[in-house]
Amino acid sequence: MADGLVQARGLTKRFGRVEAVRGIDLDVGRGEVFGFLGPNGAGKSSAMRMIACVSPRSAGDLQVLGMDPDRDGPAIRSRIGVVPQLDNLDLELSVRQNLHLYGRYFGLSRSAVRAKAVELLEFARLTERAEDEVEPLSGGMKRRLTIARALVNDPELLLLDEPTTGLDPQARHLVWERLYRLKREGVTQIITTHYMDEAEQLCDRLVVMDGGVIVAEGAPHELIGRYSTREVLELRFEPEHRPSGDVLSGVLAGRVERVEELPDRLLVYTADGEAAQAAVTAAGHRPLAALVRRSSLEDVFLRLTGRTLVD
Amino acid sequence: MAGEADRATGRVPGPWGGVALVVENHWEWYRRNWRATAVSTVVQPLLFVLAFGVGFGALVRGSGQVAAATGGVDYLVWIAPGLLAMSAVQTGAFDSTYPVLSGFKWQRTYTAMTAGPITPGQVALGHLGWLAVKTAGAGLVCAAVIALLGGVAGPGILLAVLVSVLTGAAVAAPITAYSATLETEGASFPAIFRFVVIPMTLFSGTFFPVDRLPELVRPLVGVSPLWHGTELARAAALGGPWPPWPAVLGHVAYLLALLGVGTVLAVRTFTRRLAR
């Protein structure tokens, strides 16, 4: 990929004897929003830190903005923006000062950072709080400030490690809305997340990671098409009346692709959820609750790894 | 690729430019939050000046034994350069413990700095550089107040402030390097204060000449950077008598060596901590 902003071949990260990232290949193109989806410990953050040029790779090839992080780390870092998993704002400084000081690290003049801060405060919807100390701000505000700060150098590539973890739904949607805006402006983004809805909403293309390797790659809808059915019927039963997956598969013979048994519910993968539900009821099973929904990346992950993504 | 690639406005500051930016950041932080730290860097040494220089000094004034120990100068004048050095060491030691660990662990400001073009080594050097600026400023303020109290013999006090800054940095550098290796503060920091900093402040010739100590412990005094600093600062502040020049060179060399080794180690431990 000639216009690749990030290119990795056999990228590996070892911590002592633990291999966190086990030889992954990646190509991220300009303007793309690319995602790493996977559970905690899948190797997403380690991969991200190598791309951010703060963690040296243990093996493999890596090019970021056409340069080698081992040799040109500071040059690459001057042209990217990083939103780390844990906020690292200066809590005892004001919102505006956080933007000013951070901008100075990128060699920007004082007048340039002053002007940029006004724009970024607006972007982060923090203009009213500009002179307040950071410490008492809400989690969502701090997150937006961290994202705004990462934009101080107009980065060509923005890396976001779990941008909305720990935020309430309203705060998450506001962050997503800002990230859409950046996407429309053509800012290339790489996002790690363990929220499938986040990955589905934001990413043009993503890789599913598990145990340090990439287990699938594609656009969210492609992955769902490839690894799941159109609809999913979720069934909850009283424990003593709960039929086994095999029994349900028998009842639904021909109508269902597969049945997953989770501790709290059964997932029936089928093209037609309503029809499957009718068949289950007709066979005399009485679920406490039944829900028909579209397949999501959660189902893709379950199919690929045999585990659920969150909790 | 050309037009788009020019989009990013960041650039890499020079090796020393990066250090200067870290110092600037510390300064901006200090400008907003100085009230909290002024107590330990300025008020505390001045309390020592009042208690020992003025209070205790009045008590021993006219004592022949004290005059013999101080070379005949007033106790306040004699103790002032020692207190300047002691204060720089205390500030250097303290600011290189909890605040450094916080940069890695609690506030993680160091990880923010190194997400951009600043390197871990520049963060370490910037921390030590800022400490030098801060102890110099605090030393000048203290010296001015001591002058008002009549405790300054002459312009040599300025050289004493400079020596204090060097002494503080020589203590700060190895502690900074050590703090960067800690995952949690545990008992390490209190141990540094209890077993290193406090004995050093008591037995480095700040309050009484070390030749009053028992023969047995006197060689230990030579290990203390504060003793080397105090010997130089006092000679500078009083305008002499200077120790023989090989001794002067020895004091300076000891402090510079400690600073040099500590700085190299700090750059290394910061790099190991931030780039893993």
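Scoring rules and cut-offs
- Every chain is numbered on its own, with residues counted from 1 as its sequence reads.
- Written order decides the labels, with chains lettered from A and ligands numbered from 1.
- A pLDDT threshold of at least 70 governs which residues receive local features in this predicted model, and a stricter bar of 80 or more applies before side-chain atom pairs are shown or counted, although totals over entire chains, interfaces and linings include all residues.
- UniProt positions are given in the numbering used here, feature names are shortened, and annotations may be inferred rather than shown by experiment.
- Here a helix means four or more residues in a row that DSSP labels H or I, a strand means two or more in a row labelled E, and each is numbered from the N terminus.
- Every radius of gyration here is taken over C-alpha atoms, with the globule rule written as 2.2 Å times N^0.38, N being the number of residues.
- We call two residues in contact whenever the C-beta atoms placed from their backbones are within 7 Å.
- Any two strands are treated as partners once DSSP identifies two or more bridges connecting them.
- With axes taken as lines fitted to C-alpha atoms, and helix axes fitted only over the stretch in contact, angles between N-to-C directions fall between 0 and 180 degrees.

- Per an unreviewed UniProt entry, chain B goes by Transport permease protein and derives from Pseudonocardia humida.
- The record held by UniProt for chain B lists under Sequence similarities (unreviewed entry) the comment "Belongs to the ABC-2 integral membrane protein family."

- Looking at an unreviewed UniProt entry, one finds chain A named ABC transporter ATP-binding protein, with Pseudonocardia humida as its source organism.
- Its UniProt record, at the heading Subcellular location (unreviewed entry), says of chain A: "Cell membrane".
- Listed under Sequence similarities (unreviewed entry) in UniProt, the entry text for chain A is "Belongs to the ABC transporter superfamily."

**Description of the overall build of chain B**
Stage number 1. The secondary structure content of chain B amounts to 12 helices and 0 strands.
Stage number 2. Start at the N end of chain B and walk to the C end: the helices and strands fall as α-α-α-α-α-α-α-α-α-α-α-α.
Stage number 3. In terms of overall dimensions, chain B is globule-like: its C-alpha atoms have a radius of gyration of 21 Å, near the 19 Å expected for 276 residues.
Stage number 4. With respect to the principal axes defined by its C-alpha atoms, chain B has extents near 80 × 40 × 35 Å.
Stage number 5. Long-range pairs, those at least 24 residues apart, make up 84% of the contacts in chain B between residues at least 6 apart in sequence.

**Points about the sheet that holds strand 5 (residues 80–83) of chain A**
All names here are of chain A.
Stage number 1. Here 6 strands make up an open sheet; going across it, the order is 5-6-7-3-8-9 and the pairing mixed. Sheet topology places strand 5 and strand 9 (213–218) at the edges, where each strand pairs with a single neighbour. Strand-to-strand twist of the sheet, defined as the mean angle between neighbouring strand axes without regard to direction, takes the value 15°.
Stage number 2. Summarising the sheet, strand 8 (residues 205–210) and strand 9 pair through 5 bridges and their orientation is antiparallel. Among the inter-strand pairings, V208 is bridged to a residue of strand 9, identified as A216.
Stage number 3. Most of the contacts of helix 1 (residues 44–51) go to strand 7 (residues 188–193), to which it runs at about 155°, and overall it touches strand 3 (33–37), strand 6 (157–161), strand 7 and strand 8.
Stage number 4. Contacting strand 5 and strand 6, helix 5 (residues 139–150) runs over the sheet at an angle of about 165° to strand 5.

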